[in-house]
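# Examining the three-dimensional arrangement
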Amino acid sequence: MPEANAIWRPLVDELERRARPARFWLRDDDAIEPTPALERLLTFCERTHVPLVLAVIPQPTGQALADRLETTRNASVAVHGWAHRNHAGASEKKQELGPHRPRAEVLGELREGLLKLKTLHGPRALPMLVPPWNRIDSNLLPHLAHIGFEALSAFGPAKPAPIRTINSNVDLIDWHGTRGCREYSLLVDAIVAQLRLQEPVGILGHHLVHDEATWQFLEKLFEVTRPFGVEWLRGEDLLKCPE
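Overview of the structure.

Calculation notes
- Here the residue numbering is sequential within each chain, running from 1 through the sequence in written order.
- Thresholds applied to this predicted model are a pLDDT of at least 70 for local features of residues and 80 or more for the giving and counting of side-chain atom pairs; totals over whole chains, interfaces and linings are not thresholded and use all residues.
- Values shown for side chains rest on all heavy atoms present in the structure; no hydrogens or waters enter the calculation.
- Where helices and strands are cited, they refer to DSSP runs of H or I of at least four residues and of E of at least two residues respectively, numbered from the N terminus.
- An expected span of 1.5 Å times one less than the residue number is assigned to each helix.
- Only protein chains enter the calculation, and the probe is 1.4 Å; a residue is then buried if its accessible area is under 20% of its type maximum, exposed if over 50%, and partly exposed in between.
- The contact criterion used throughout is that any non-hydrogen atoms of two residues lie within 4.5 Å.
- Whether a set of points on the 1 Å grid over the protein atoms alone is a cavity depends on a 1.4 Å probe fitting there but being unable to get out, while an open set qualifies as a pocket with protein on both sides within 12 Å along at least five of seven lines; lining residues are those with an atom within 4 Å of a point.
- Grid points are joined across faces, edges and corners, and a volume is the space filled by probe spheres set on the points.
- In this classification, Asp, Glu, Lys and Arg are treated as charged, Ala, Val, Leu, Ile, Met, Phe, Trp, Tyr, Cys and Pro as nonpolar, and every other residue, Gly included, as polar.
- By the counting scheme adopted, Arg and Lys are positive, Glu and Asp are negative, and His together with the chain ends is not counted.
- Between Lys or Arg on one side and Asp or Glu on the other, a salt bridge is scored when a side-chain nitrogen of the former is within 4 Å of a carboxyl oxygen of the latter.
- Here a polar contact means two N or O atoms within 3.5 Å. Within protein one must be a hydrogen donor candidate and the other an acceptor candidate, and residues neighboring in sequence count only if both atoms are side-chain atoms.

## Digging into helix 7 (residues 212-225)
For helix 7, which comprises 14 residues, the first-to-last C-alpha distance of 20 Å matches the rise-based estimate of 20 Å (1.5 Å per residue) to within 8%. Residues of helix 7 that are buried: Thr214, Trp215, Phe217, Leu218, Leu221, Phe222, Val224 and Thr225. The elements touched by buried residues of helix 7 are helix 1 (9-17), strand 1 (23-31), helix 2 (36-48), helix 6 (184-197), strand 8 (201-205) and strand 9 (231-232).

And the structure:
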């Protein structure tokens with residue numbers, strides 16, 4: 001392979017040796033309304049036939065986003081907390097769904113968020129909770145099914161929980177460094193490691209902060225994986241996959 005493509009060689013080698021096609025899925029967080037960045041993401045997904053799970057913040061979102069998604073064929077909507085508002089102390093990691101407020105208040109917001117997205121998006125809305133900042137108080141988990149949720153999607157290895165957990169596991173953004181795209185070689189290594197550990201591989205994006213390198217990585221990832229018949233799963237498929 002040319003040197004420019006050498007970074008992708010570990011992924012190509014992994015896909016070549018597999019007896020069956022690999023499975024991926026794409027989650028993107030923090031959607032509220034149509035923006036140029038969201039339009040670019042939706043256009044990419046339409047052109048490449050890559051399904052998208054869009055984590056939408058319920059409290060500020062409205063009809064404009066619902067109208068835009070109505071014209072897409074393969075985007076589903078997950079519940080991204082309620083207002084994406086931090087309630088943790090200054091010395092703590094940011095959390096909206098932490099132990100800082102009464103449980104009934106938090107669960108009430110989540111119930112309202114799920115209902116609002118179902119009203120706006122109909123069957124496109126998934127009973128999947130995506131916690132803001134990928135953090136949630138474990139004491140809330142036993143109650144999520146009672147307010148209508150069937151799955152939780154945070155980030156990293158899934159921990160045992162009383163609700164189905166479908167985590168993303170490869171974050172495109174270097175949050176603790178450049179706050180742009182992570183180095184391609186590190187992303188490729190993370191994808192290969194996840195393929196060997198467990199599928200599906202959950203790619204995590206944040207369209208509002210993508211730099212050009214992030215968009216180009218997504219394009220290249222699809223280009224590299226397409227010849228191997230990789231299956232990109234819909235949100236509905238994720239909920240149906242065997243645990």
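## Focus on unusual backbone geometry
Residue Pro200 follows Glu199 across a cis peptide bond; omega there is -5°. Along the chain, the position of Pro200 falls in the loop between helix 6 and strand 8. With phi around 55°, His84 is a residue other than glycine that occupies positive phi space. Structurally, the position occupied by His84 is in the loop between strand 3 (75-79) and helix 4 (103-121). You will see that Trp133, though not glycine, has its phi angle at about 60°, which is positive. On the secondary structure map, Trp133 appears in the loop between strand 4 (125-129) and helix 5 (141-144). Residue Trp133 is classed as partly exposed on the basis of its relative accessible area, which comes to 27%.

## Some points on the layout of surface pockets
For the largest pocket, the calculated volume is near 700 Å³. Residue lining of the largest pocket: 23 residues in total, with Trp133, Asn134, Arg135, Asp171 and Trp175 positioned closest to the centre. Of the residues belonging to the lining of the largest pocket, the class tally is nine nonpolar, six polar and eight charged. Put simply, the second largest pocket is a space of about 470 Å³. Contributions of two or more residues to the lining of the second largest pocket are made by strand 1, strand 6 (164-165) and helix 6. Broken down by element, the residue count for the lining of the second largest pocket peaks at three residues, all from helix 6. Its residues assigned to classes, the lining of the second largest pocket shows 10 nonpolar, six polar and four charged.

## Considerations on the side chain of Asp171
Structurally, the position occupied by Asp171 is in strand 7 (residues 170-171). One buried charged residue, Asp171, remains without a salt bridge, the closest side chain of opposite sign being Arg182 at 6.4 Å. Within polar-contact distance, the side chain of Asp171 engages the side chain of Trp175 at 2.9 Å. If we ignore the near neighbours within four places in the chain, the residues touching Asp171 are Phe155, Arg182, Leu187 and Leu204.

## Some words on the pattern of salt bridges
Applying the stated rule across the entire model yields 17 salt bridges. Between Asp13 and Arg9 there is a salt bridge; the shortest N-O distance is 2.8 Å. With Asp13 and Arg9 both in helix 1 and four residues apart, the pair spans about one turn of that helix. By relative accessible area, which is 36% here, Asp13 ends up partly exposed. A salt bridge links Arg18 to Glu199; the nearest nitrogen and oxygen atoms lie 2.0 Å apart. Taken together, the positions of Arg18 in the loop between helix 1 and strand 1 and Glu199 in the loop between helix 6 and strand 8 put the pair 181 residues apart, joining distant regions of the chain. For Glu199, a relative accessible area of 14% translates into the label buried. Here the residues in one salt-bridge network are Glu14, Arg17, Arg18, Arg20, Arg23, Arg196 and Glu199, joined through shared partners.

## Points about the environment of Ala104
Relative to the elements of secondary structure, Ala104 occurs in helix 4. The class for Ala104 is exposed, based on a relative accessible area of 63%.

Treat this as a map of the structure, not an account of what it does.
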